[in-house]
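# Observations on the model geometry
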Amino acid sequence: MDAAWLVRWRWRRRGAWLWPTFVAVTALDAVIVHVLPFLGDAQSLAGGLMTGLLANLVLVVLLSRPLGVLLRRRRTDMPRTVAANYGGTAAVMLVPVLLVLAGWLHRPAIEDQQRMMHDAITRAISFIGDRAPEAFRAGVTHTSTYAIQPGSVYRTCVPNAARTRTYCVIVNTRMPLAHSVVFAGYEPNSLFAQGAS
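These lines cover the structure that appears in this document, whether it is placed above or below.

The rules we used
Residues numbered from 1 in each chain as written. Predicted model: local features only at pLDDT ≥ 70, side-chain atom pairs only at ≥ 80, totals over all residues. Heavy atoms only, no water. Helix = DSSP H or I, 4+ residues; strand = E, 2+ residues; numbered from the N terminus. Buried < 20%, exposed > 50% of the residue type's maximum accessible area, 1.4 Å probe, protein only. Pairing = 2+ DSSP bridges. Disulfide = S-S within 2.5 Å. Salt bridge = Lys/Arg side-chain N within 4 Å of Asp/Glu carboxyl O. Core = buried A, V, L, I, M, F, W, Y, C linked by side-chain atoms within 4.5 Å. Contact = heavy atoms within 4.5 Å. Expected span 1.5 Å × (residues − 1). Axes fitted to C-alpha atoms, helices over the stretch in contact; angles between N-to-C directions. Parallel < 35°, antiparallel > 145°, perpendicular 65-115°, else oblique. Left-handed = near helix turned anticlockwise from the far one by under 90°. Nonpolar A, V, L, I, M, F, W, Y, C, P; charged D, E, K, R; others polar.

### Some words on unusual backbone geometry
Positive phi values are uncommon outside glycine, yet Arg163 reaches one of about 60 degrees. Inspection of the secondary structure assignment puts Arg163 in the loop between β2 (153-159) and β3 (166-172). Given the relative accessible area of 53%, Arg163 is considered exposed.

### Side note on the pairing of β3
With 5 of 7 residues buried, β3 lies mostly within the body of the structure. Bridge analysis of β2 against β3 gives 7 bridges, and the strand direction is antiparallel. Directly across from Pro159, in β3, lies its bridge partner Thr166. Joining the antiparallel neighbours β2 and β3 is a turn of 6 residues, in which Arg163 adopts a positive phi near 60 degrees. Pairing geometry for β3 and strand β4 (residues 181-183), over 3 bridges, is antiparallel. Residue pairing across strands places Ile170 opposite Val182, the latter belonging to β4.

### Here's the deal with the state of the cysteines
Here the structure, examined in full by the defined rule, presents 1 disulfide. Paired by a disulfide, Cys157 and Cys168 hold their sulfur atoms 2.0 Å apart. On the S-S bond that ties Cys157 to Cys168, the torsion sits near 110 degrees, and the link is right-handed. Taken as a pair, Cys157 in strand β2 and Cys168 in strand β3 lie far apart in primary sequence, 11 residues in all. Taken individually, Cys157 and Cys168 each receive the classification buried, so the pair is uniform in this respect.

### What to know about the pattern of salt bridges
Any two side chains of opposite charge can pair if their charged atoms end up close together. Going through the model one piece at a time under the given rule, you end up with 5 salt bridges. For Glu111, the salt bridge goes to Arg107, with nearest N and O atoms at 3.9 Å. On the criterion of helical spacing, the pair formed by Glu111 and Arg107 is a turn pair, its members being 4 residues apart in helix α4 (residues 80-131). Classification of Glu111 by relative accessible area gives partly exposed; the value is 34%. Between Arg123 and Asp119 there is a salt bridge, and its shortest N-O distance comes to 3.2 Å. Within this pair, Arg123 and its partner Asp119 are both found in helix α4, separated by 4 residues, close to a single helical turn. Arg123 gets classed as buried once you look at its relative accessible area, which sits at 13%.

### A short note on the environment of Pro66
Within the secondary structure layout, Pro66 lies in helix α3 (residues 45-74). Along the backbone, Pro66 and Ala83 are 17 residues apart, and their C-alpha atoms lie at a distance of 9.5 Å.

### A few points about the nonpolar core
Judged by nonpolar contacts, the single largest core of 13 residues is most densely connected at Ile128, Val158, Tyr167, Val169 and Val171. Looking at this core, the elements with two or more residues in it are α4, β2 and β3. Other than its neighbours up to four places away in sequence, Tyr167 contacts Phe127, Ile128, Arg131, Ala132, Pro133, Phe136, Thr156, Cys157, Val158, Phe183, Gly185 and Tyr186. One finds Val33, Leu59, Val95 and Leu99 within the second-largest nonpolar core, a separate group that totals 6 residues.

### Let's talk about helix α2 (residues 18-35)
In a regular helix each residue adds 1.5 Å, so 18 residues correspond to 26 Å; α2 covers 25 Å between its end C-alpha atoms and thus fits that length. All of the buried residues along α2 are Leu18, Thr21, Phe22, Val25, Thr26, Asp29, Ala30, Ile32 and Val33.

### Describing the packing of α3 against α4
Two numbers describe how α3 lies on α4: the axes approach to 6 Å, and their chain directions differ by 135 degrees. By the angle between their axes, α3 is oblique relative to α4. Where α3 crosses over α4, the handedness of that crossing is right-handed. Facing Thr51, Ala55, Asn56, Leu59, Val60, Leu63, Ser64, Leu67, Gly68, Leu71 and Arg72 of α3, the residues of α4 in contact are Arg80, Ala83, Ala84, Tyr86, Gly87, Gly88, Ala90, Ala91, Val92, Val95, Leu98 and Leu99. Along the lines of polarity and charge, the residues of the contact of α3 with α4 split into 15 nonpolar, 6 polar and 2 charged.

So this is what it looks like as structure tokens:
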């Protein structure tokens, strides 16, 4: 009886890697999602932590037992719980790989949106420099841009010298250059964004 207990204890000690690995990999996942977001153009560390936590939990629930069964086919002497623990650890180790892959695949979309925003700001500055009242022309070095429809429609505002008013334009980067910018009023983007959300 004591020998069987000792064998079980050794197996449990060897197989007790799931939860320490889970914690470490979840922290790694948060950093990966922050550096290489797979949705949108940015992700906070807290958002990355929640993504990693959820992905790790789902894969542990779905894959720990099936991977444990596969492992026990090769190691018939291994207890089920230890095999499931090893399977869960392997599933958790898969998450950072999948997140890096998803982030790299999404990277061109982020770069494309950044190029479109830069193009929109350039068009807005050109329009404001040519057509805005004199009080706002000096403010083109302090633009504020809000993405109404990321990748195509943006609202750019510049302040007057006293920073009491703003002059705003809407830029549609899919329109021909001559017709892509229109005046959009004096409401700053901070207020416009509140009404748009």
